[in-house]
Amino acid sequence: MVATVRRQRPRRLACWALMTVLLADLLALSDTLAVMSVDLGSESMKVAIVKPGVPMEIVLNKESRRKTPVTVTLKENERFFGDSAASMAIKNPKATLRYFQHLLGKQENNPHVALYKARFPEHELGFDPQRQTVYFQISPQLQFSPEEILSMLLNYSRSLAEDFAEQPIKDAVITVPAFFNQAERRAVLQAARMAGLKVLQLINDNTATALSYGVFRRKDINSTAQNIMFYDMGSGSTVCTIVTYQTVKTKDAGMQPQLQIRGVGFDRTLGGLEMELRLREHLAGLFNEQRRGQRAKDVRENPRAMAKLLREANRLKTVLSANADHVAQIEGLMDDVDFKAKVTRAEFEELCADLFERVPGPVQQALQSAEMKLDEIEQVILVGGATRVPKVQEVLLKAVGKEELGKNINADEAAAMGAVYQAAALSKAFKVKPFVVRDAVIYPILVEFTREVEEETGVRSLKHNKRILFSRMGPYPQRKVITFNRYSHDFNFHINYGDLGFLGPEDLRVFGSQNLTTVKLKGVGESFKKYPDYESKGIKAHFNLDESGVLSLDRVESVFETLVEDSPEEESTLTKLGNTISSLFGGGSTPDTKENGTDTVQEEEEGPAEGSKDEPGEQAELKEEAEAPTEDTSSPPPPEAKGTAAPEGEKAAEKDGGDKPEAQKPSEKGEAGSEGAPPAPEEEKKQKPARKQRMVEEIGVELVVLDLPDLPEDQLARSAQKLQDLTLRDLQKQEREKAANSLEAFIFETQDKLYQPEYQEVSTEEQREDISGKLSAASTWLEDEGFGATTAMLKEKLAELRKLCHGLFFRVEERKKWPERLSALDNLLNHSSMFLKGARLIPEMDQIFTEVEMTTLEKIINETWAWKNTTVAEQAKLPATEKPVLLSKDIEAKMAALDREVQYLLNKAKFAKPRPRPRDKNGTRAEAPLNASASDQSEKVIPPPGQTEDTKPIPEPEKEAAGSEAADSEPLELGGPTAESEPKEHPEQPTGQKRTLKNDEL
Ligand SMILES: Nc1ncnc2c1ncn2[C@@H]1O[C@H](COP(=O)(O)OP(=O)(O)OP(=O)(O)O)[C@@H](O)[C@H]1O
Ligand SMILES: [Mg+2]
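Residues numbered from 1 in each chain as written. Chains lettered and ligands numbered in written order. Predicted model: local features only at pLDDT ≥ 70, side-chain atom pairs only at ≥ 80, totals over all residues. Heavy atoms only, no water.

Notes on the overall build of the chain
For step 1, the next point in the chain: When helices and strands are tallied, the chain shows 28 helices and 35 strands.
For step 2, the next point in the chain: Among the 1002 residues that make up the chain, the fraction classed as buried is 53%.
For step 3, the next point in the chain: A separation of at least 24 residues holds for 76% of the contacts in the chain among residues at least 6 apart in sequence.
For step 4, the next point in the chain: Total accessible area on the chain stands at roughly 45,900 Å², and carbon and sulfur atoms take up 51% of it. (Helix = DSSP H or I, 4+ residues; strand = E, 2+ residues; numbered from the N terminus. Buried < 20%, exposed > 50% of the residue type's maximum accessible area, 1.4 Å probe, protein only. Contact = heavy atoms within 4.5 Å. Areas by Shrake-Rupley, 256 points an atom, 1.4 Å probe, with all protein chains shown as cover.)

Now the structure itself:
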């Protein structure tokens, strides 16, 4: 059997990410929406956003915290998330769900399901026979799958991000543990779909951390490879990653930094949670011990007490990281009995001794997978909250044999920040500096198929073949094509995981099914019948391991070729059309170009049977791995190649004629041909008039999912609807609560106001009694019937009360406004009068204002003075308990009218042209130009001309107004007109006080 491996186009091999290093480089290209990242830890999530014009930042939750518990409380009529849910854990342990991610993508027989039940016996898990999965049975009516719970949390994370960004967000990069397999990744994607989030990428949390580390140390990355180890111990698990940083030459952006994931080791259950559980168990034992002989029940049977103990264990564990001992203390732990016990760090370390022994495991695995030795690692950096446990650091330090452990990244937030850089890079809204990211496949994937072969004449036997599609530690995202050359009828093949020998037996059981999918092909035979005169080029299956690490079979095609006896000049219309369409999409007309154009493509051919004896797939794969790094680094693909341009081209061509006729020049070799560069088209035209025509027939595919079936589409839609309804219900509930709170607050505040002097001054006792009585009635109603009242009823009640109190509040408000408004009016009148006086002083020959204009201003000034004095006097006569006649809005209107007039004249002065002056004998001007004169004159009394005629709201007068404010407001308070309010000649300001007023002061 001849198995060939096509050389991959170097620039297609690397996966790309364009990163921001300097925040200033982050440039919003359009006002598209903000994007977010969620580092979805088992205990807490860290959310980050980036929005146009604003650098990336960690989102603060409603409690202004940077971490939000991945916790939800599901009650019959309400849900709580994050910190509020975490505080419900004790009151309502059964309905408060945590660590549910451990159930994602797992079937009921998975050891992790059993572990979850053992750790959290308070939760009832139901069984879904269709998918063989479990769900949470909260109450007889309430049940949710782990995907649904995750979806709620993702939706919540989005609401936090939206509140923080103050704009809607749809696009997200979500982190997943690097060890998540296909089923687990698909579960997260399905949860995101239910939440209506567009997942730009599922990024491995270790890769995100490495990215964050790299982008902030961009300057330290050079052509010498640096190997850094990240050791991340979180709450649920531990992952150790070896990353190589180096600058590489990129096609479009020259030398750029790159990170490559070289090795990964993990322990799925080693983390802070397990330590806490050990401590809880210890505390529970101590409590039982303390109550021995009192015929008390085992505290372990009381979920609320166990929830309290778990919380205390968490606190204790954290304190013991900094102290040698600590006293655990819980009031009324059970049966109103308090609990108090001293625990030393030594005791804690004893309890977790076997856990600490597991600390070096991931390091060894990572080194093995990277085929590296410890001395090649420059630095070991701590990530994740649980690495703060001193014993973890001690054991790790010993295991890695370094002088110290690096603590130079934010152990909690690095993953979220790396993920949000990635989000910015993937979103079209931001332009970021390139940072090449090469992630690596942890679980190899292969294709298996069985074929009947005839080894000797007449002796037929079945041969089992394996081809590695994606090898362990090979780069992704990546596309591959596998060609089956020996089939002319329908057949099946299987997609399975490859050698998982690096997982221990227990981890293998947790891993679940090692078979992914059986692919049943339909239509192979028909395709052969359709093209009897063509040569078969095989059945080509196109696979894609996308940037989220999720495998898909894009399509399967049966490909045929024949030589067409026509010269290039005599191309058939159909062929010409085919070529044009192909080139329109940049794909060219050769099959190779098209396949490669989709991204990294490697072809393997299933050849003669003898080839299978030595697992040629494995050999081929090794060859590819050896070549990959140099190829990649020379010219990685541009970021936009991550997807689709070329396949679209193919699709367009397909759609055009159903089948895909493609003219191919013989010199442009097909997939079985050599890799030599094709001759120039001109040369070719002369030499080779005959052309290859290629026909591509899409083959029907039936997929039998063998690991964990996705939620069926209709169920997914139902779940999405169910969650949307819950969100709506929560929002409605919140609105009702808000309405009830507003009503309650109004009643309370108004009752209080009725005793304040400013309110008493403007109301009669009778009025106050009336209001007070109605407020009390409303308060009673709220207490007695408010519970069942709808939002509308609550709002209506509040509106009634507001209406009742409106007059009183209005009187108080108006009185508060008077001094300031009247002072501003006086100010404006003074300035206007001065301006008018100045204008009148301009010599006739220089005058720029007409008499009518000046008279109009004078009139309006006088009228305004008159209005003010009359109204103030009238107001003074009115009892304070009646609706005032002096209204702040009227004062504002008067000011606006006067201001308009003054602005008009100022503008006129500004644009007035100087009149020509008669010259004296010496040829010099007799007087200053009119413009200067007018300006100088007016400078003495008026501010520089305004730039605009807009009537702006009158702002509070500045300093000098403050003095008059008191003087002006005084008479009103006394209730009578004074000399101040009489119209009068306003003297010019003393020179010392002369100032240039701001434009908006007039
Ligand atoms: N000072 C400390 N001492 C001991 N443990 C700590 C300390 N600070 C945090 N932790 C523990 O770290 C864990 C949380 O770490 P982190 O936020 O990295 O986990 P996660 O991302 O939620 O989980 P994972 O990554 O495992 O899914 C918790 O178990 C917490 O108790
Ligand atoms: Mg984490």
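Let's talk about the nonpolar core
For step 1, the next point in the chain: Ranked by internal contacts, the top residues of the largest apolar core, which has 132 residues, are Leu154, Phe230, Tyr245, Phe484, Phe493 and Phe543.
For step 2, the next point in the chain: The dominant element in this core, judged by the number of residues it contributes, is helix H13 (residues 414-426), at 10 residues.
For step 3, the next point in the chain: Setting aside anything within four residues of it in sequence, one finds Phe493 in contact with Val447, Glu448, Phe449, Phe484, Thr517, Thr518, Val519, Leu521, Ala541, Phe543 and Leu553.
For step 4, the next point in the chain: Grouped together as the second largest cluster of nonpolar side chains are 45 residues, Ala284, Leu309, Cys352 and Val395 included. (Core = buried A, V, L, I, M, F, W, Y, C linked by side-chain atoms within 4.5 Å.)

Things to note about the environment of Phe502
For step 1, the next point in the chain: The residue Phe502 is located in the loop between strand E28 (492-497) and helix H14 (505-511) in this model.
For step 2, the next point in the chain: Phe502 gets classed as partly exposed once you look at its relative accessible area, which sits at 24%.
For step 3, the next point in the chain: The sequence separation of Phe502 and Tyr443 amounts to 59 residues, and the corresponding C-alpha distance is 9.6 Å.
For step 4, the next point in the chain: Not counting residues up to four positions away in its chain, the partners in contact with Phe502 are Ile442, Tyr443, Pro444 and Arg472.

Let's talk about a negative patch on the surface
For step 1, the next point in the chain: Taken together, Glu744, Glu783, Asp784 and Glu785 make up a surface patch of like negative charges.
For step 2, the next point in the chain: If you trace the backbone, Glu744 turns up in helix H21 (residues 713-753). (Patch = residues over 30% accessible without salt bridge, like charges linked within 9 Å, V, L, I, M, F, W, Y side chains within 5 Å. Salt bridge = Lys/Arg side-chain N within 4 Å of Asp/Glu carboxyl O. Lys, Arg positive; Asp, Glu negative; His and termini not counted. Charge placed at Lys NZ, Arg CZ, Asp CG, Glu CD.)

Structural notes on the site of ligand 1
For step 1, the next point in the chain: As a structural note, the neighbourhood of ligand 1 is formed by 22 residues, with Ser42, Lys46, Gly236, Lys317 and Ser321 the closest of them.
For step 2, the next point in the chain: Between ligand 1 and the protein, one listed contact pairs an oxygen atom with a backbone N or O atom of Gly236 at 2.8 Å.
For step 3, the next point in the chain: A distance of 2.6 Å separates a nitrogen atom of ligand 1 from a polar atom in the side chain of Ser321.
For step 4, the next point in the chain: Coverage of ligand 1 by the protein amounts to 90% of the 640 Å² it exposes when considered alone.
For step 5, the next point in the chain: Elements with a contribution of two residues or more to the shell around ligand 1: strand E4 (44-51), helix H7 (272-290) and helix H8 (303-320).
For step 6, the next point in the chain: Here the residues of the shell around ligand 1 are counted per class, giving three nonpolar, 13 polar and six charged.
For step 7, the next point in the chain: Counting contributing residues, the shell around ligand 1 receives three or more from each of domain 1 (35-270 + 359-439) and domain 2 (273-357). (Near = heavy atom within 4 Å. Polar contact = N/O pair within 3.5 Å; in protein donor to acceptor, adjacent residues only side chain to side chain. Nonpolar A, V, L, I, M, F, W, Y, C, P; charged D, E, K, R; others polar. Domains from an automatic or database assignment.)

Observations regarding the packing of aromatic side chains
For step 1, the next point in the chain: Counted by the stated rule, this structure contains 29 aromatic pairs.
For step 2, the next point in the chain: Relative to Phe120, the ring of Tyr99 has its centre 5.6 Å away and its plane inclined at 10°; by these criteria the two rings are stacked. Note that Tyr99 is positioned in the loop between strand E9 (96-98) and helix H3 (111-119) and Phe120 in the loop between H3 and strand E10 (125-128), a separation of 21 residues in sequence.
For step 3, the next point in the chain: With relative accessibility at 0%, the residue Tyr99 sits in the buried group.
For step 4, the next point in the chain: Among the aromatic side chains, those forming a connected cluster through ring pairs are Phe179, Phe180, Phe266, Tyr443, Tyr497, Phe502 and Phe511.
For step 5, the next point in the chain: The ring of Phe502 has Arg472 sitting right over it, with the charged end atom 3.5 Å from the ring centre.
For step 6, the next point in the chain: Of note, Lys797 hangs over the ring of Trp781, and the distance from its end group to the ring centre comes to 4.7 Å. (Phe/Tyr/Trp six-rings, centres within 6.5 Å; stacked < 30°, edge-to-face > 60°. Lys NZ or Arg CZ within 6 Å of the ring centre and 35° of its normal.)

Here we look at the pairing of E4
For step 1, the next point in the chain: Most of E4 sits inside the fold, with eight of its eight residues counted as buried.
For step 2, the next point in the chain: Burial along E4 is two-sided: the residues Ser44, Lys46, Ala48 and Val50 and Met45, Val47, Ile49 and Lys51 are all buried.
For step 3, the next point in the chain: Sheet topology note: the strand E3 (residues 34-40)/E4 ladder contains six bridges and is antiparallel. Across the sheet, the residue bridging to Val38 is Val47, located in E4.
For step 4, the next point in the chain: Hairpin remark: E3 followed by E4, antiparallel, with three residues in the connecting loop.
For step 5, the next point in the chain: With two bridges joining them, E4 and strand E6 (residues 68-69) adopt antiparallel strand pairing. Each residue of the ladder has a partner; that of Ser44, found in E6, is Pro69.
For step 6, the next point in the chain: Pairing of E4 with strand E5 (residues 54-58), which is carried by three bridges, proceeds in the antiparallel orientation. Each residue of the ladder has a partner; that of Ile49, found in E5, is Glu57. (Pairing = 2+ DSSP bridges.)

Observations concerning the sheet that holds strand E12 (residues 143-144)
Working definition: the strands of a sheet are paired by backbone hydrogen bonds and lie parallel or antiparallel to each other.
For step 1, the next point in the chain: Pairing is antiparallel in the open sheet, where three strands are placed in the order E10-E11-E12. The open sheet terminates on both sides in strands that have one partner only, identified here as E10 and E12.

Some details on the pattern of salt bridges
For step 1, the next point in the chain: Within this structure, the stated rule accounts for 53 salt bridges.
For step 2, the next point in the chain: Salt-bridge contacts for Asp707 lead to Arg186; the nearest nitrogen and oxygen are separated by 3.0 Å. Taken together, the residues span a long stretch of sequence, with Asp707 in the loop between strand E35 (700-705) and H21 and Arg186 in helix H5 (residues 182-194) at a distance of 521 residues. Comparing Asp707 with Arg186 shows no difference in burial state: the two are buried.
For step 3, the next point in the chain: The residue Lys530 makes a salt bridge to Glu697 at a minimum N-O spacing of 3.2 Å.

Remarks on the confidence of the model for the chain
For step 1, the next point in the chain: Per-chain confidence: the chain averages 80 in pLDDT, with 76% of residues scoring 70 or above.
For step 2, the next point in the chain: Note that pLDDT drops below 50 for residues 1-31; the model gives that stretch 145 contacts with residues more than four away or on any other chain.
For step 3, the next point in the chain: Contacts for the low-pLDDT stretch residues 923-1002, under 50 throughout, to residues beyond four places or in other chains number 110 contacts. (pLDDT = per-residue confidence, 0-100.)

Overview of empty space enclosed by the protein
With a probe scaled to a water molecule rolled over the atoms, the places where space remains empty come into view.
For step 1, the next point in the chain: Taken as a whole and judged by the stated rule, the model has 15 cavities of 30 Å³ or more.
For step 2, the next point in the chain: Approximately 130 Å³ is the volume attributed to the largest cavity.
For step 3, the next point in the chain: Residue composition of the lining of the largest cavity, by class: 10 nonpolar, four polar and one charged.
For step 4, the next point in the chain: Formed jointly, the lining of the largest cavity draws a minimum of three residues from each of two domains, domain 1 (35-270 + 359-439) and domain 3 (443-564). (1 Å grid on protein atoms, 1.4 Å probe; cavity = no way out; pocket = protein on both sides within 12 Å on 5 of 7 lines; lining within 4 Å. Points joined across faces, edges and corners; volume = space filled by probe spheres on them.)

Considering H3
For step 1, the next point in the chain: All of the buried residues along H3 are Pro111, His112, Val113, Tyr116 and Arg119.
For step 2, the next point in the chain: Capping the start of H3 is the job of one residue whose side-chain oxygen sits 2.8 Å from the backbone nitrogen of His112: Asn110.

Comments concerning the packing of H5 against H21
For step 1, the next point in the chain: Close contact between H5 and H21 brings their axes to 9 Å; oriented N to C, the two are set at 50°. The pairing of H5 with H21 is recorded here as oblique in orientation. Side by side, H5 and H21 meet where Gln190, Arg193 and Met194 of the first sit next to Glu713, Leu716, Ser719, Ala720 and Leu723 of the second.
For step 2, the next point in the chain: Residue composition of the contact of H5 with H21, by class: four nonpolar, two polar and two charged. (Axes fitted to C-alpha atoms, helices over the stretch in contact; angles between N-to-C directions. Parallel < 35°, antiparallel > 145°, perpendicular 65-115°, else oblique.)

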